Amino acid sequence: MELPRIVAVGSGVISDLPQICSYLHLLGRGLIVTGPHTEEVVGKTVFELLEEGGYQPQTLISTASKLEEVDRAETMAREIEAGFLIGAGGGRSIDIAKIASMRMNIPFLSLPTAASHDGICSSQASLTVNGETVSLPAQSPLAIIADTRIIARAPARLLAAGCGDIISNYTAILDWELAHRLRDEEFSEYASALSAMTAKMIVERASDIRPGLEESAKIVLKALISSGVAMSIAGSSRPASGSEHKFAHSVNRIAPGRALHGELCGLGTIMMMYLHGKDWMMIKQALSQVGAPTSADQIGLDGETVVKALINAHKIRPERYTILDSGLNRMAATRAAEVTGVI
Ligand SMILES: [Zn+2]
């Protein structure tokens, strides 16, 4: 099990960065991977804090979630003989730092600027390879520093998407249980219980989750981190990724870049709950309460794209057994999307 050693969530925790680095006995220079926008939001502050701590930082501004960017980060880290990497930003910067640091066998710290998906704490990274989003093995962060003052200022859409990514644990676990019963796949009671509790907490507190509030950011961050811990316990993304994630990736194959990961996972969860014969209305209501989309037109997707994505979703990561198994036919896919009001 690979777990973070320090998880700091709260208002202003970014200022503890030098102390955290020293507590973790980090040595050498720190390479900060950030984006053009997040450089302003957080990158410059991280730079100053590391400088104060004597870590002679260097910044790399990355603009794309591509393997070439990982190569670039690795090259720069080797050039400056970095002792550790910090991914400061949304998913992209964190994922790049996560893979580059693993290749170099040095630690990495995660400093998210939004609570939009569980990649901020997981050991998986997603990158675009040959135009497709793929999940790659990486390492878990040694520390997560999630400053709610910064994260509460992120666009509302990102927080709602984060809730979608957590709520997707419902169907991920149902799929996992199915795979355990039908395929004798290894199953972790602890990981599934933690993942289920995390998703339930978001559903129960959905009406308290509002954009712009530090308290809301904290609820969602803690849930994302718990999901990440569940994945670490399981040693795979199983507890937090099932048929609903296949649907999300399938949409991205057909209509890349239209919606956020968590938004698509949320829509997928509504339909996969229906296919599992479970309470999909509860999922839909919670998503709507947090301000996440519950229908395709809210994110500019047409009905045909949704149906096509459903029909083809089982081709994504086929070794991962889910309710979709060998696939839905057109009639069944259309019915699942229509009955649930997704289209
Ligand atoms: Zn996800």
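Residues numbered from 1 in each chain as written. Predicted model: local features only at pLDDT ≥ 70, side-chain atom pairs only at ≥ 80, totals over all residues. Heavy atoms only, no water.

1. Remarks on the nonpolar core
Working step 1: One finds L85, I202, V220, F247, V306 and L310 to be the most contacted residues of the largest nonpolar core, which totals 77 residues.
Working step 2: With residues near it in sequence (within four places) discarded, L85 still touches L31, V33, A77, A97, A100, S101, I106, P107, F108 and L109.
Working step 3: L17, V42, I86 and I145 belong to the second largest nonpolar core, which has 23 residues in total. (Core = buried A, V, L, I, M, F, W, Y, C linked by side-chain atoms within 4.5 Å. Buried < 20%, exposed > 50% of the residue type's maximum accessible area, 1.4 Å probe, protein only. Contact = heavy atoms within 4.5 Å.)

2. Concerning empty space enclosed by the protein
Working step 1: Under the counting rule described, the total for this entry stands at 1 cavity of 30 Å³ or more.
Working step 2: Of the volumes computed, that of the largest cavity is approximately 70 Å³.
Working step 3: What lines the largest cavity is simply A115, I151, A152, A154, P155, L159, R210, P211, G212, L213 and A217.
Working step 4: Grouping the amino acids of the lining of the largest cavity by side-chain chemistry returns 9 nonpolar, 1 polar and 1 charged. (1 Å grid on protein atoms, 1.4 Å probe; cavity = no way out; pocket = protein on both sides within 12 Å on 5 of 7 lines; lining within 4 Å. Points joined across faces, edges and corners; volume = space filled by probe spheres on them. Nonpolar A, V, L, I, M, F, W, Y, C, P; charged D, E, K, R; others polar.)

3. Some words on the coordination of the zinc ion
Working step 1: Around the zinc ion, the donor atoms from the protein are D165 (OD), H245 (NE2) and H261 (NE2), and they sit 2.1 to 2.2 Å away.
Working step 2: Each donor residue of the zinc ion lies on one chain, and together they are spaced D-x79-H-x15-H. With D165 in helix 6 (residues 156-167) and H261 in helix 11 (residues 261-275), this pair connects stretches of sequence that are 96 residues apart.
Working step 3: Of the residues examined, D165 reaches a relative accessible area of 0% and is grouped as buried. (Donors = N, O, S within 2.8 Å, 3.2 Å for Na, K, Ca; no water. Helix = DSSP H or I, 4+ residues; strand = E, 2+ residues; numbered from the N terminus.)

4. Some thoughts on the pattern of salt bridges
Working step 1: Evaluation of the coordinates by the stated rule reveals 12 salt bridges.
Working step 2: Here R72 ties to E69 by a salt bridge, and the two come within 3.1 Å at their closest N and O atoms. A residue pair is termed a helical-turn pair when its members lie 3 or 4 positions apart in one helix, as R72 and E69 do in helix 3 (residues 67-79) at 3 residues.
Working step 3: Among the residues examined, E69 registers a relative accessible area of 10% and is labelled buried.
Working step 4: Here R78 makes a salt bridge to E74, at a shortest N to O gap of 2.9 Å. Placement of both R78 and E74 in helix 3 is noted, with a separation of 4 residues, approximately one turn of the helix.
Working step 5: Judged by its relative accessible area of 14%, E74 is buried.
Working step 6: The structure contains a network of salt bridges with shared partners spanning D71, E74, R78 and R103. (Salt bridge = Lys/Arg side-chain N within 4 Å of Asp/Glu carboxyl O.)

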